[in-house]
Amino acid sequence: MAQIVSFGEVLMRLSTPGFSRFEQARQLNVTYAGGEANVSTALAYWGHHTAHVTRFPDSAIGRAAAQYLQFHGVDISHIIYGGPRMAVYFLEMGAALRGSQIVYDRANSSLAEIDPKEIDWDSILKDAKWFHWAGITPALSQGAADALLDGIKTARKYGITVSGDIFYRANLWKYGKKPSDILPELTAGTDIVIANSENIKEIFGIGGNDFVESCVNLQKAYPQVKTVVDTKRTSISASHNLLRAYLWNGKELLETADIEINPIIDRVGGGDAFIAGLIHGLITFSDQQKALEFGVAASALKHTIEGDALISTIQEVEAIRQGETSGRIKR
């Protein structure tokens, strides 16, 4: 299987038990998560050699986070230790007509204070086949953005496929830069972009009457971009969603059917599971339609699993892709 490298912040996730509210909770469940690391975790379960690059505090908490990734099969040999603190987020799980709530506490985290010179991208990427990034990490600091840009440039030097999820959290940009200042240069070195018409307009100032026209105009401005992918979620309630996906490959628009997800156990990380499924599909299958369907099936399955990362077999995802959604007991 391919060697895949991801880069991004990993946070400690503190969630209320069950569906209790923050005001009700007297204890919190602990796990670790980050969008890019979630992608590597899912891919590791499917047999790929994945490595995640990040920076943790040199403390028991930082080592616990690294051990969590290692437990789930992710190579942690390129993790850097230093900086003041672990980033944290708090989660209250919604149900029915009450949506979930997330509160971030990630200012001045270890990754936010990274010096790009701490990462030796040449040694990390020289044997890799794929590099994945997301738009949240460059929102943390100039250092994090510069480190990511160095990684993308190194990937380009070695001819490595680069995927970028350019969705971002607007309230994280606190260091004097806007997404439109940073993300265009990162996207210029990216082959596969996860985006919708709205953020293509917001980030690049590139308009379009629909998704396809936005994609065509993005590819004209950034020729390295070969594929643009998006998902569409129809929310019937916090516990009941429909999910489908679209892929523009420069020639045609591919689309999946809706998958119904009811009830939802934990939707956090669903987008990361989709990206992992898409990456696996594009590496494994010659058929882009099948790869897109595998991504949506992976995302749907993630909604049934507690925690941020998809823990599954290829066979489980493939069964959903082929329409087996009955949830019958396996003996």
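Residues numbered from 1 in each chain as written. Predicted model: local features only at pLDDT ≥ 70, side-chain atom pairs only at ≥ 80, totals over all residues. Heavy atoms only, no water.

### Some points on helix 5 (residues 179-187)
Logical step 1: Listed as buried for helix 5 are Pro-179, Ile-182, Leu-183, Pro-184, Leu-186 and Thr-187.
Logical step 2: Of the surrounding secondary structure, the elements contacted by the buried residues of helix 5 are strand 9 (130-134), helix 4 (142-157), strand 11 (192-194) and helix 6 (197-204). (Buried < 20%, exposed > 50% of the residue type's maximum accessible area, 1.4 Å probe, protein only. Helix = DSSP H or I, 4+ residues; strand = E, 2+ residues; numbered from the N terminus. Contact = heavy atoms within 4.5 Å.)

### Comments concerning the pattern of salt bridges
Between side chains of opposite charge, a pair can form when the charged atoms approach closely.
Logical step 1: Taken as a whole, this structure holds 15 salt bridges when the rule is applied.
Logical step 2: One salt bridge connects Arg-244 with Asp-258, and the closest N-O pair in it is separated by 2.9 Å. Of the two residues, Arg-244 is situated in strand 13 (residues 240-248) and Asp-258 in the loop between strand 14 (253-255) and strand 15 (259-261); the sequence distance between them amounts to 14 residues.
Logical step 3: With relative accessibility at 19%, the residue Arg-244 sits in the buried group.
Logical step 4: Asp-258 gets classed as partly exposed once you look at its relative accessible area, which sits at 35%.
Logical step 5: Overlapping salt bridges, with partners in common, bring together Arg-13, Asp-266 and Asp-308 in one network. (Salt bridge = Lys/Arg side-chain N within 4 Å of Asp/Glu carboxyl O.)

### Details of the environment of Ala-112
Logical step 1: You can see Ala-112 is positioned in the loop between strand 8 (101-105) and helix 3 (121-125).
Logical step 2: Residues Ala-112 and Gly-143, spaced 31 residues apart in sequence, show a C-alpha to C-alpha distance of 6.9 Å.
Logical step 3: Among residues more than four places away in sequence, those in contact with Ala-112 are Glu-9, Leu-140 and Ser-141.

### Concerning helix 9 (residues 288-302)
Logical step 1: When the terminal C-alpha atoms of helix 9 are compared, their 21 Å separation across 15 residues agrees well with the 21 Å that a helix rising 1.5 Å per residue should span.
Logical step 2: Counted residue by residue, helix 9 has 11 buried out of 15 residues, so it is predominantly covered.
Logical step 3: Residues of helix 9 that are buried: Ala-291, Leu-292, Phe-294, Gly-295, Val-296, Ala-297, Ala-298, Ser-299, Ala-300, Leu-301 and Lys-302.
Logical step 4: Looking at the buried side of helix 9, the elements it contacts are strand 12 (227-237), strand 13, strand 14, strand 15, helix 8 (270-284) and helix 10 (314-321).
Logical step 5: The residue sitting at the N-terminus of helix 9 and contributing the capping side-chain oxygen is Asp-287; that oxygen lies 2.8 Å from the backbone nitrogen of Gln-289. (Expected span 1.5 Å × (residues − 1). Polar contact = N/O pair within 3.5 Å; in protein donor to acceptor, adjacent residues only side chain to side chain.)

### Quick notes on the nonpolar core
Logical step 1: Residues Phe-7, Ile-119, Leu-125 and Phe-131 are the most contacted members of the largest nonpolar core, which totals 47 residues.
Logical step 2: The element contributing the most residues to this core is helix 4, with seven residues.
Logical step 3: In contact with Leu-125, other than residues within four places in its own chain, are Val-5, Phe-131, Gly-151, Thr-154, Ala-155, Tyr-158 and Ile-160.
Logical step 4: With 35 residues, the next largest nonpolar core counts Ile-192, Val-229, Leu-278 and Phe-294 among its residues. (Core = buried A, V, L, I, M, F, W, Y, C linked by side-chain atoms within 4.5 Å.)

### A few points about the pairing of strand 10 (residues 161-165)
Logical step 1: Of all five residues making up strand 10, four are buried, and the element is well covered by its neighbours.
Logical step 2: Across five bridges, the pairing between strand 9 and strand 10 is parallel. Counted as the bridge partner of Phe-131 is Val-162 from strand 10.
Logical step 3: Chirality of the crossover, the property in question, places the unit of strand 9, helix 4 and strand 10 among those that are right-handed. (Pairing = 2+ DSSP bridges. Right-handed = clockwise from strand over helix to strand, strands pointing away.)

Interpretation in functional terms is not warranted from these geometric data alone.
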